Amino acid sequence: MAFTPSKETYSGKVYPVTIGTGEQAVTLGGENVLAFHAFEGATPNRPVIAYEIQDVPPADWPENVRKPFEAVSSDPVTWAKYCQNELKASAIALRLIGTHPDRENRSAEDAAKTVKDVLAAISVPLIILGSNHAEKDSTVLVAAAEAAKDKNCIIGKAQEANYKTITAAAMANNHKLVAMSELDINLSKQLNILITQMGFEKERLITDPMCSALGYGLEYTYSVMERIRLAALTQNDMTMQPPMLGDVGMYVWKVKETQAPESDLPLWGPAEERGIAWEAATATALLISGSELLIMRHPKAVEAVMKTIEELV
Amino acid sequence: MALSGVEIFKLLPKTNCKKCGQPTCLAFAMKLAQRQATLDACPDVSEEAKKILGEASAPPVRPITFGSGDKAVKMGEETVLFRHDKKFVNPCAFALEIKDTLSEDEIGKLCGQVMSSEIDRVGQKLRIDAIALSNVSSDAGKFEAAAKVIAAKAAGVPVIISTENPQAAEAAAKLFAGQKPIIYGVNSSNAEAMANVAKAHKASLGVYAQGLEELSALTEKVKALGIEDMVIDSGARRAKDVIESNTLIRRAAVKKNFKPLGYPVINFMQREDSLHEALVAIAGITKYASIIVLSSVEKWKNLVLFTLRQNVYTDPQVPMQVEQKIYKIGEPAPEAPLFITTNFSLTYFIVSGEIENSRVPCRLAVMDSEGLSVLTAWAAGKFTASKIAQFIQESGIENEVSHKELIIPGYVAILSGAIEDKLPGWKITVGPREANAIPAFLKTRAA
């Protein structure tokens with residue numbers, strides 16, 4: 001019996017989405033095959049990893065991931081520059097976590113100023129994220145989107161409860177938009193439809209099907225991403241064709257495995273290596289399931305994932 | 001590819017003798033096609049038909065047992081390409097490579113690491129499953145000596161005997177008699193001699209070729225020599241090539257029922273940088289490897305790989321459940337808050353994670369709701385006031401805490417009155433609807 005490889009030709013493809021401006025702009029997506037399946041189709045762009053920074057010092061981050069940024073993280077501008085210049089970040093994700101009413105409760109104006117200052121200091125693309133408080137985000141992200149007008153940022157996350165204002169702000173200021181729904185392919189599709197019905201171009205969307213950390217529901221995110229990607233490729237479903245975001249760092253650096261000291265759990269090995277590996281492994285699994293954009297924290301985890309991408313393309 | 005009822009019917013005696021319990025041969029054929037009957041029910045079927053039907057009904061990836069006893073690993077039997085279609089069946093095995101150039105002490109130490117690798121996670125015992133002894137020295141004597149150390153220091157652990165030299169394979173295989181080792185290193189020039197060693201010691205064979213065409217020809221050759229228990233290696237080593245060749249192998253087996261590649265896949269993933277090795281191993285875990293060979297087994301790496309494998313191999317149609325009990329988060333004093341939620345693992349992970357984030361020690365009562373999340377369990381009548389009351393009363397929690405206050409999920413606020421009726425003396429507090437509001441909720445309470 002002779003072997004003939006069964007290669008797939010898909011009818012659909014993932015939209016290529018360009019973020020940022022000038023020489024440092026990057027493009028995500030564009031492939032017409034499953035992740036790292038270059039043997040049967042076109043994979044024009046590599047996945048992009050954005051370093052996560054925030055508007056307030058990362059007192060809430062566990063020590064092992066706070067340490068690498070100790071000297072720079074008291075100020076978002078210094079922090080952003082460090083990521084761009086020293087860590088060679090290809091994109092930066094600024095999370096305006098300090099605007100959350102239960103946190104520092106910073107105002108929308110404060111947030112807009114931070115965005116302006118960070119943008120003035122960097123030339124790589126910027127992703128601007130709210131604090132995930134649906135109500136507050138709809139004022140904060142509107143101000144942030146205006147402050148970043150025409151810089152071709154990604155704004156997010158638009159959710160069912162607040163997508164209208166955030167979509168309008170992204171549209172008015174020429175940004176890309178992250179649409180997030182909770183671990184359900186149908187919810188994800190529905191939100192993308194609602195947003196495009198407002199007149200937002202589908203080619204400017206990025207889907208966030210919601211991340212989960214290794215050991216804490218990763219298989220759900222993994223399979224939702226895989227199903228979204230298969231719908232995009234095999235059914236040519238245009239509502240499922242935006243690139244996908246894996247917001248990895250935030251979900252990973254709160255689970256027990258990234259924090260518990262070895263003295264408590266000797267079978268788990270040293271906490272520092274474990275935390276880095278946890279973030280890198282979650283990221284790698286999501287890349288294989290179809291994510292084109294990752295937001296990550298630990299420089300060593302980012303470095304390891306980059307090295308793996310090198311071997312996968 | 002499975003045969004249709006009509007295709008099967010053509011191979012049956014067509015006597016309508018009813019001995020199989022079906023009224024006609026056609027009816028029996030239909031039952032066979034739906035896998036609701038087996039061929040042994042027909043006393044008159046020809047040998048030829050048995051052969052054809054047997055091959056057609058065999059699972060697309062051949063089932064193989066590697067090792068023996070309670071550490072035996074089952075492989076193969078996979079039927080799909082994507083885990084959302086149907087559960088991936090047999091989790092891949094992790095094997096630690098041990099080179100025969102190492103000293104006896106070093107080999108013993110590595111055996112010790114494998115023996116002590118077991119970790120309990122969400123009720124499953126996970127471990128480094130196997131050892132791959134490799135004949136780096138090319139010396140049969142050294143190989144045998146190393147195998148002796150492994151047989152003594154890692155008794156019961158399934159072993160891959162990795163050598164291209166049939167004499168070396170023979171010397172090592174005899175040490176693992178009755179333990180179903182895998183002899184890896186079979187190529188087109190040594191196949192015959194290796195098949196003889198495998199037959200003598202009831203071993204499976206690991207066949208190696210460059211590319212899938214050559215590999216298909218080789219498995220056919222080995223099968224013709226009388227060995228059917230094989231694991232296959234296409235020679236792919238780069239992560240990109242591993243994904244390509246594992247995917248093409250799985251597609252050939254599952255979609256085309258192409259028998260020459262219908263065997264479990266072994267991937268060699270050793271890298272100098274251990275974290276990098278862990279990440280490329282993920283390509284193997286997610287994309288169809290049955291055995292992944294590693295160069296080191298640090299505890300942190302084991303935890304990562306075990307957890308990832310567990311995630312990928314869970315049944316997507318059965319919600320993961322955690323055990324019903326009162327979980328302590330942090331070191332709660334008797335007066336610490338008491339929450340209740342359902343036993344869907346994702347619910348448990350998210351709620352316990354947010355309580356941990358709050359850094360307020362608490363108790364979390366997790367009630368068996370057959371793995372449903374809070375709202376679904378409530379709607380299905382599995383998270384009701386009387387069931388909650390019964391669980392709290394029977395849990396013995398009253399002796400552990402100094403208060404009688406139970407915090408219920410915000411989504412089931414409607415239950416608070418009914419629970420108070422059924423749990424006399426208890427105060428029911430309605431907590432947040434979403435777990436991410438728990439830290440703020442606890443902060444406000446403390447203030």
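As the structure is a computational prediction, the values presented were derived from the model and not from experiment.

## Remarks on helix H12 (residues 345-358) of chain B
Thought 1: Its 14 residues place the ends of H12(B) 20 Å apart at the C-alpha level, agreeing with the 20 Å of an ideal helix rising 1.5 Å per residue.
Thought 2: Within H12(B), eleven of the 14 residues are buried, which leaves it mostly tucked inside the rest of the structure.
Thought 3: Listed as buried for H12(B) are Ser345(B), Leu346(B), Thr347(B), Tyr348(B), Phe349(B), Val351(B), Ser352(B), Gly353(B), Glu354(B), Ile355(B) and Ser358(B).
Thought 4: Where H12(B) is buried, its residues contact helix H7 (218-234) of chain A together with strand S13 (325-329), strand S14 (338-342), strand S15 (362-367), helix H13 (374-379) and helix H16 (438-446) of chain B.
Thought 5: Immediately beyond the C-terminal end of H12(B), within one or two residues, lies Arg359(B), with a positive phi of roughly 60°.

## Looking at the pairing of strand S17 (residues 427-430) of chain B
All names here are of chain B.
Thought 1: Of the strand pairs in this sheet, strand S16 (residues 405-408) and S17 are connected by four bridges, and their pairing is parallel. Bridging from a neighbouring strand, Leu 406 pairs with Ile 428 of S17.
Thought 2: For the handedness criterion, the β-α-β arrangement of S16, helix H15 (residues 416-422) and S17 is classed as right-handed.

## Topic: the interface of chain B and chain A
Thought 1: Each partner contributes to the interface: chain B provides 54 residues, whereas chain A provides 56 residues.
Thought 2: For the chain B and chain A pair, buried surface summed over both sides reaches about 5,000 Å², with 63% attributable to carbon and sulfur atoms.
Thought 3: Its largest share of buried area at the contact with chain A, chain B owes to Arg251(B), Leu279(B) and Trp300(B), together 13% of the area lost on that side.
Thought 4: Scanning the region where chain B abuts chain A turns up seven salt bridges.
Thought 5: The tally of links between chain B and chain A comes to 20 residue pairs in polar contact (both at pLDDT 80 or more).
Thought 6: Looking at the side of chain B that touches chain A, the elements that each hand over two or more residues are strand S4 (119-121), helix H8 (212-224), helix H9 (239-256), helix H10 (274-286), helix H11 (299-312), H12 and H16 of chain B.
Thought 7: Considering every element that reaches the side of chain B that touches chain A, the biggest residue donor is H9(B), with ten residues.
Thought 8: The class makeup of the residues in the side of chain B that touches chain A is 24 nonpolar, ten polar and 20 charged.

## What to know about the environment of Glu257(A)
Thought 1: Among the secondary structure elements, Glu257(A) is positioned in the loop between helix H8 (248-252) and helix H9 (271-289).
Thought 2: Not counting chain neighbours up to four residues away, the residues in contact with Glu257(A) comprise Tyr216(A), Trp268(A), Arg274(A), Gly275(A), Trp278(A), Arg121(B) and Leu303(B).
Thought 3: One polar contact links Glu257(A) to Arg121(B), side chain to side chain, over a distance of 3.3 Å.

## Details of the state of the cysteines
Residue and element names in this part refer to chain A.
Thought 1: Within the structure shown, the criterion is met by zero disulfides over all chains.
Thought 2: No disulfide involves Cys 211; its sulfur sits 19 Å from the nearest other cysteine sulfur, which is in Cys 83.
Thought 3: In this structure Cys 211 comes out as buried when scored by relative accessible area, which is 2%.

## Section: the pattern of salt bridges
Side chains carrying opposite charge are able to pair once their charged atoms draw close together.
Thought 1: Throughout the structure, instances matching the rule amount to 42 salt bridges over all chains.
Thought 2: Across the pair Arg95(A) and Asp247(A) runs a salt bridge whose closest N-O atoms are separated by 2.7 Å. Within this pair, whereas Arg95(A) is found in strand S4 (residues 91-95), its partner Asp247(A) is found in the loop between strand S9 (245-246) and H8, the two being separated by 152 residues in sequence.
Thought 3: For the salt bridge of Asp233(B) with Arg237(B), the shortest nitrogen-to-oxygen distance reads 2.9 Å.

## Comments concerning the nonpolar core
Thought 1: Counting residues in hydrophobic clusters, the biggest one holds 193 residues, and the most contacted among them are Ile128(A), Val305(A), Ile150(B) and Leu205(B).
Thought 2: If you tally residues by element for this core, the top one is H9(A), at ten residues.
Thought 3: Residues lining this core come from more than one domain, with at least three contributed by each of domain 2 (64-312) and domain 3 (325-446) of chain B.
Thought 4: Excluding anything up to four places from it in sequence, Val305(A) contacts Ile49(A), Ala280(A), Ala283(A), Thr284(A), Leu287(A), Leu294(A), Met296(A) and Leu279(B).
Thought 5: Judged by nonpolar contacts, the second largest core, of 23 residues, contains Met367(B), Ala377(B), Trp426(B) and Ile428(B).

## A word on a nonpolar patch on the surface
Residues and elements named next belong to chain B.
Thought 1: Judged by side-chain polarity, Val 6, Leu 26 and Met 30 come together as a nonpolar surface patch covering roughly 230 Å² of accessible area.
Thought 2: Here Val 6 lies in helix H1 (residues 5-11).
Thought 3: Given a relative accessible area of 44%, Val 6 falls into the partly exposed group.

## Regarding the domain arrangement of chain B
Thought 1: For chain B, the assigned domains are domain 1 (5-57), domain 2 (64-312) and domain 3 (325-446).
Thought 2: Averaged C-alpha coordinates put domain 2 of chain B and domain 3 of chain B at centres separated by 45 Å.

## Quick word on the sheet that holds strand S10 (residues 230-233) of chain B
Pairing between the strands of a sheet comes from backbone hydrogen bonds, and it takes one of two forms, parallel or antiparallel.
Residue and element names in this part refer to chain B.
Thought 1: The strand order S10-S9-S8-S7-S6-S3-S12-S11 describes an open sheet built from eight strands, whose pairing is parallel. The open sheet terminates on both sides in strands that have one partner only, identified here as S10 and strand S11 (266-268). Across the sheet, the axes of successive neighbouring strands diverge by a mean angle of 25°, strand direction being ignored.
Thought 2: Here strand S6 (residues 130-134) runs beside strand S7 (residues 159-162); their pairing, made up of four bridges, is parallel. Following the sheet pairing, Ser 134 is matched in S7 by Ser 162.

Parameters at a glance
Residues numbered from 1 in each chain as written. Chains lettered and ligands numbered in written order. Predicted model: local features only at pLDDT ≥ 70, side-chain atom pairs only at ≥ 80, totals over all residues. Heavy atoms only, no water. Helix = DSSP H or I, 4+ residues; strand = E, 2+ residues; numbered from the N terminus. Expected span 1.5 Å × (residues − 1). Buried < 20%, exposed > 50% of the residue type's maximum accessible area, 1.4 Å probe, protein only. Contact = heavy atoms within 4.5 Å. Pairing = 2+ DSSP bridges. Right-handed = clockwise from strand over helix to strand, strands pointing away. Buried area = accessible area lost by both parts, 1.4 Å probe. Salt bridge = Lys/Arg side-chain N within 4 Å of Asp/Glu carboxyl O. Polar contact = N/O pair within 3.5 Å; in protein donor to acceptor, adjacent residues only side chain to side chain. Nonpolar A, V, L, I, M, F, W, Y, C, P; charged D, E, K, R; others polar. Disulfide = S-S within 2.5 Å. Core = buried A, V, L, I, M, F, W, Y, C linked by side-chain atoms within 4.5 Å. Domains from an automatic or database assignment. Patch = residues over 30% accessible without salt bridge, like charges linked within 9 Å, V, L, I, M, F, W, Y side chains within 5 Å. Areas by Shrake-Rupley, 256 points an atom, 1.4 Å probe, with all protein chains shown as cover. Axes fitted to C-alpha atoms, helices over the stretch in contact; angles between N-to-C directions.

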